[in-house]
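Summary of structural features
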Protein chains: 2
Amino acid sequence: MKRALLAQLGEAGLLRLLTGRWPRKGRSVTVGVGDDCAVLRLGKRSLLFKTDVVVENVHFGPRTPARLIGRKALARALSDIAAMGGIPLAAVITLGLPPNESPRRLAGIYRGIETIARKHGVELVGGETTRAAQLFLNVALLGECRDGPPVLRSGARAGDLIFVTGQLGATQARQHLVFEPRLAEGRWLARHRVASAMMDLSDGLGADLPRLGEASHLGHEIDAHKLPRRRGASVEAAINDGEDYELLFTVPANRAAWLKKKWPFATALHCIGTMRKGPASALAHGFDHFKQR
Amino acid sequence: MKRALLAQLGEAGLLRLLTGRWPRKGRSVTVGVGDDCAVLRLGKRSLLFKTDVVVENVHFGPRTPARLIGRKALARALSDIAAMGGIPLAAVITLGLPPNESPRRLAGIYRGIETIARKHGVELVGGETTRAAQLFLNVALLGECRDGPPVLRSGARAGDLIFVTGQLGATQARQHLVFEPRLAEGRWLARHRVASAMMDLSDGLGADLPRLGEASHLGHEIDAHKLPRRRGASVEAAINDGEDYELLFTVPANRAAWLKKKWPFATALHCIGTMRKGPASALAHGFDHFKQR
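In this section: the interface of chain B and chain A. Listed by partner, the interface residues are 61 residues for chain B and 61 residues for chain A. Of all the secondary-structure elements, those providing two or more residues to the side of chain B that touches chain A are α1 (6–19), β2 (38–42), β3 (45–55), β4 (87–97), α3 (103–119), β5 (123–131) and β6 (136–145) of chain B. For the side of chain B that touches chain A, a count of residues per class yields 35 nonpolar, 15 polar and 11 charged.

Shown next as structure tokens:
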């Protein structure tokens, strides 16, 4: 292998380099690398397995309120469980910390973890600490699909309509700290077998929708006027801002009316386009912004 | 809470501060924080759940061969599965990396992970990367106890004999990189219900045996002459050097002869002492070195 710079590879290229040989399916693995969570079949159960890490000066800053750091660390992983239609079960936390870190701040971070864990019924079952140059928190989360099979990124068909929950575009700095993981919504969609494919929006619609398309071997068409924008967010922001943590999912056209009628949540629901035959790499039509990514 | 320095708290004090309120048992949790792995009961199955992290300049250095970094990252977590008598199932890897890290080195690290994963039948099912100031690898590992109930730290009784596998004392710099997780041995001990309590030696006998004693509410008596020492290791080294990754376990006295007769492994097996009634905090008699820790 030639020496290459990480910057040239990008995260996707790096993951391909490192995990390209890992199984998509295996002995007990229904879904390996490449979806929101890994899915493990144990007897009749479908377990979800996910880790998510937050690092100081990358995912939060020195002035971020401690409780919100902890909240975010767990909420990100919860959002991935939501995106499979699962329920969260138990988490193990790894803490990396500089020797001069304040125990008061650490205690605040752990309170933040505990509060959102309690809210969503997650049992905190283990932890480890290590010295590190920079504060980081890794959350390993186990979940389960009890309401139906896991909803994968790969299940969309041509003609399926594309929906998102909530609003897009980060117009306030705290959005990435206070988002609500869409667990109830994801679980409901799985129970009613209404979503053909699903993922959560962590890197922005412009980056994430092509991933769903790639997994489903489809292109897509988005109607810019239908994008639900957070107050003050431009269309660009709605497409390109990351960390929305909303659900992006596809629905067979003949189920869309039922979905809109029966949707029981206060969370907004918007149809923003259609999955189309075409190259998986095709980006949404009409947005040059997509190409810049 | 008063401001305290991490150095004063120590890792044990910090974990008490951060996770002291977390459940030891819960809805589906048989064993929470405080043992080698968390144990989750799902139907009739006992799942094991563990994370372990290695950080550059803490657990390995810039000159450590890349494959051995990856090997160590997974082997440490495997050793914890071994210590419960479990088998490993699937792992998810989180990689934190500085932007100038060499992809060649990263690929080597992942080869190291893959090699030991294949050897022990671990499926690599997911990964995430993040920017960080310092290279780190977090391994989240799922396992299962199929051969009997998980062997906990808390099951020792007064009069049980204390055994260790292998030799103690790190007399070569690479020992912590090339150790063999005692998976077959741990599983055999669980299947034959011969170990009343078990853990792996990661911080050295002098630090770890008191933890087993604390969990079992017992003290202990060690015979210094019986400590199996790696060639060139002093008694001090056998007690205080960390990262042996051998199994430490207790056996009812009336099973000890059977154990010694039936032990089917090339791995050495040594009886080093006896669990005694007494304060859990009591350190091994006769070793002042213990008190220095």
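Once you've had a look at it, read on.
Expressed as a screw operation, the relation of chain B to chain A combines 0.0 Å of axial shift with a rotation of 180°, fitting to an RMSD of 0.0 Å. Such a turn and shift between the copies fits a two-fold axis. Considering only C-alpha atoms, the residue of chain B closest to the rotation axis is Ala 140 of chain B, which sits at 3.1 Å. The residues that chain B uses at the interface reappear at the interface of chain A in 100% of cases, marking a shared surface.

Residue and element names in this part refer to chain A. Packing of helix α2 (residues 66–82) against helix α3 (residues 103–119) leaves a shortest axis separation of 6 Å and a crossing angle of 45°. As summarised for this structure, α2 and α3 are arranged oblique, according to the angle between their axes. Like other packed secondary-structure pairs, α2 and α3 cross with a definite hand, here right-handed. Across the interface between the two elements, Ala 66, Arg 67, Leu 68, Ile 69, Gly 70, Arg 71, Ala 73, Leu 74 and Ala 75 of α2 pack against Arg 105, Gly 108, Ile 109, Tyr 110, Arg 111, Gly 112, Ile 113, Thr 115, Ile 116 and Ala 117 of α3. Across the contact of α2 with α3, the residue classes break down as 11 nonpolar, four polar and four charged.

Reading the values: rules and limits
Residues numbered from 1 in each chain as written. Chains lettered and ligands numbered in written order. Predicted model: local features only at pLDDT ≥ 70, side-chain atom pairs only at ≥ 80, totals over all residues. Contact = placed C-beta atoms within 7 Å. Helix = DSSP H or I, 4+ residues; strand = E, 2+ residues; numbered from the N terminus. Nonpolar A, V, L, I, M, F, W, Y, C, P; charged D, E, K, R; others polar. Least-squares fit on C-alpha atoms with pLDDT ≥ 70 in both. Axes fitted to C-alpha atoms, helices over the stretch in contact; angles between N-to-C directions. Parallel < 35°, antiparallel > 145°, perpendicular 65-115°, else oblique. Left-handed = near helix turned anticlockwise from the far one by under 90°.

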